[in-house]
Amino acid sequence: MTSDQSRQDSLQSDSFWEYSKPISFNFDDDWGTGILPEIGKSTFESSTEAPIGILSTESCRVVDSLSLISSEEAKVRVASYHKYFSESRSHLSSSFPRTSTLMKRLIAGEEVDICHLKSRKDKVALLDAVIDSCEGNAITTVLIFMEKTLCSKIFVNEIMTRPVATDHYIDYLRQTNRHRELTDFLIMSGRNEDAAVFNYCNAIKAEHMETKIKNLKHCLNNFFKDLQDDINLPSIIEQINLYERQLPIEAADSKDAAIIENPIPLPFSFIGSSVISTLFYCVLYHYQLSENNFASPKAIRKAHNISERQYYWTALKALAKAKRWTDIDQLFQYQTFFGSKKVKQIIPFDQVIKILAKEGAPLEVLTSYLRLISNEDTRMKLSQDLKIK
């Protein structure tokens, strides 16, 4: 058996049709042109059963016809096939809507399928188009699509060069509570101060004070300390110190029977309140404590740099609430160099009288402060309003 015959037999066997790999056309094939007609013939002249093989009927005809033409004609025909498939792909891509059409439909709020946009160039072109339209929902839609279909580095680089897209993406991350991604993006885009403020806002949302203090310290050490000339840094440190002062005061007062049985209503908890509210609470329940005590009003004033006017105004309201008229008199008195006592006017006395009258101060207390008002018209008007003779 010759080599050509053995090759023809192997081509006609079932194993060839079921398991062999497709044979591409080769102009320099040493089998010769006589083999190709036999392939077509063996396919068409089979029994009544449907032919099972790699080559379909049409492909066999093409192969059969190629065996009868010259190499030059075959090259021309192959080139025409390439041109046909190229035009087919071009026609398929042109059937999708253009960027301008997609933009108009996005702005109109219609459901638009933009998944056919595969290239980075097309996606960026659509993003620029919706940015020019100033339509926020359309911009966010395109950004979400780009985030899912582009690698993170390319996506971030593209939107960082577009401030409008950057702002919309930040707002989208904030609304979807993607805190970690938002923090990383703000830092990458050079908005370290915004990242610090964002993490601060999240830190103070914690319900438990211990957790809030822990979050604030983390925020302070990882964000605010890296900022240069940040004016918020001392305030955050002071806030942490205030919270750490409130915890032991509240823990001790919750077990103190004298405070619990006090006729003045005890607030449910002053934990997390401002420094002025903390001062008011400590004046109300711990006014007599010395400065070395944690709950002392004087210690709070010194630790948090409370101004003289703030301190006296808060102390006046708290002492009037507790109806401690003698302590109020002592609050405004000071001793001169020669040992005599005088009253200093830190707060206008007409305001003092109004607060005392509101809390039900005795007539003699109101009269004593009314005499300290130097302006006769003001003194007369107050005495008429309060019905003091």
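Predicted, not measured: the structure shown is a model, and the values here were computed from it. (Residues numbered from 1 in each chain as written. Predicted model: local features only at pLDDT ≥ 70, side-chain atom pairs only at ≥ 80, totals over all residues. Heavy atoms only, no water.)

**Here's the deal with the overall build of the chain**
Piece 1. Tallying secondary structure elements over the chain gives 22 helices and 2 strands in all.
Piece 2. Contacts in the chain between residues far apart in sequence, at least 24 positions, make up 51% of those at least 6 positions apart. (Helix = DSSP H or I, 4+ residues; strand = E, 2+ residues; numbered from the N terminus. Contact = heavy atoms within 4.5 Å.)

**Thoughts on unusual backbone geometry**
Piece 1. Despite not being glycine, N177 shows a phi value in the positive range, around 60°.
Piece 2. Examined against the element boundaries, N177 turns out to sit in the loop between α10 (163-175) and α11 (179-188).

**Regarding helix α18 (residues 308-321)**
Piece 1. The end-to-end C-alpha separation of α18 is 20 Å, in line with the 20 Å expected for 14 residues at 1.5 Å each.
Piece 2. Listing the buried residues of α18 in full gives Y311, Y312, T314, A315, L316, A318, L319 and A320.
Piece 3. Buried residues along α18 sit against α16 (275-286), α17 (297-303), α19 (325-332) and α20 (349-358).
Piece 4. K323 occupies a position one or two residues after α18 and carries a positive phi of about 60°. (Expected span 1.5 Å × (residues − 1). Buried < 20%, exposed > 50% of the residue type's maximum accessible area, 1.4 Å probe, protein only.)

**Digging into the pattern of salt bridges**
Piece 1. In the structure shown here, the tally under the stated rule is 11 salt bridges.
Piece 2. Across the salt bridge formed by K344 and E308, the nearest N and O atoms sit 3.6 Å from each other. Of this pair, K344 sits in the loop between β2 (341-343) and α20 while E308 sits in helix α18, placing them 36 residues apart in sequence.
Piece 3. Because the salt bridges share partners, they merge into one network encompassing R120, D128, E158 and R162. (Salt bridge = Lys/Arg side-chain N within 4 Å of Asp/Glu carboxyl O.)

**A closer look at the packing of α11 against helix α12 (residues 192-203)**
Piece 1. Interaxial distance between α11 and α12 falls to 7 Å at its minimum, and their mutual angle equals 155°. By the angle between their directions, the pair α11 and α12 is classed as roughly antiparallel. Crossing angle aside, the handedness with which α11 passes α12 is left-handed. Residues H179, L182, T183, L186 and I187 of α11 pack against N192, D194, A195, F198, N199 and N202 of α12.
Piece 2. For the contact of α11 with α12, the per-class residue count stands at 5 nonpolar, 5 polar and 1 charged. (Axes fitted to C-alpha atoms, helices over the stretch in contact; angles between N-to-C directions. Parallel < 35°, antiparallel > 145°, perpendicular 65-115°, else oblique. Left-handed = near helix turned anticlockwise from the far one by under 90°. Nonpolar A, V, L, I, M, F, W, Y, C, P; charged D, E, K, R; others polar.)

**Thoughts on the environment of D226**
Piece 1. Inspection of the secondary structure puts D226 in the loop between α13 (209-222) and α14 (233-253).
Piece 2. Owing to a relative accessible area of 59%, D226 belongs among the exposed residues under this scheme.
Piece 3. When the C-alpha atoms of D226 and E193 are compared, they prove to be 9.3 Å apart, with 33 residues separating the residues in sequence.

**Some words on the packing of aromatic side chains**
Piece 1. Summed over the entire model, instances satisfying the criterion amount to 11 aromatic pairs.
Piece 2. Geometrically, the ring pair formed by Y169 and Y172 is tilted, given 6.3 Å between the ring centres and 35° between the ring planes. One end of the pair is Y169 and the other is Y172, both in helix α10 and 3 residues apart, which spans about a single turn. Accessibility classification places Y169 together with Y172 in one group, the buried group.
Piece 3. Consider the rings of F349 and Y369, whose centres lie 6.2 Å apart with planes at 45°: the pair is tilted. Pair noted here: F349 is in helix α20 and Y369 is in helix α21 (residues 363-370), with a separation of 20 residues, a long-range link. (Phe/Tyr/Trp six-rings, centres within 6.5 Å; stacked < 30°, edge-to-face > 60°.)

**A closer look at α21**
Piece 1. Listed in full, the buried residues belonging to α21 are V365, L366, T367, Y369 and L370.
Piece 2. Tucked into the core, α21 has its buried residues touching α19, α20 and α22 (376-385).

**Quick notes on the confidence of the model for the chain**
Any residue range with low pLDDT should be treated as having predicted coordinates unsuitable for detailed reading.
Piece 1. Averaged over every residue, the pLDDT of the chain is 77; residues scoring 70 or more account for 69%.
Piece 2. A low-confidence stretch, residues 27-67 (pLDDT under 50), is modelled with 39 contacts involving residues beyond four sequence positions or located in other chains.
Piece 3. Below a pLDDT of 50 lies the segment residues 88-96, which in the model reaches 1 contact outside its immediate sequence neighbourhood of four places, other chains included. (pLDDT = per-residue confidence, 0-100.)

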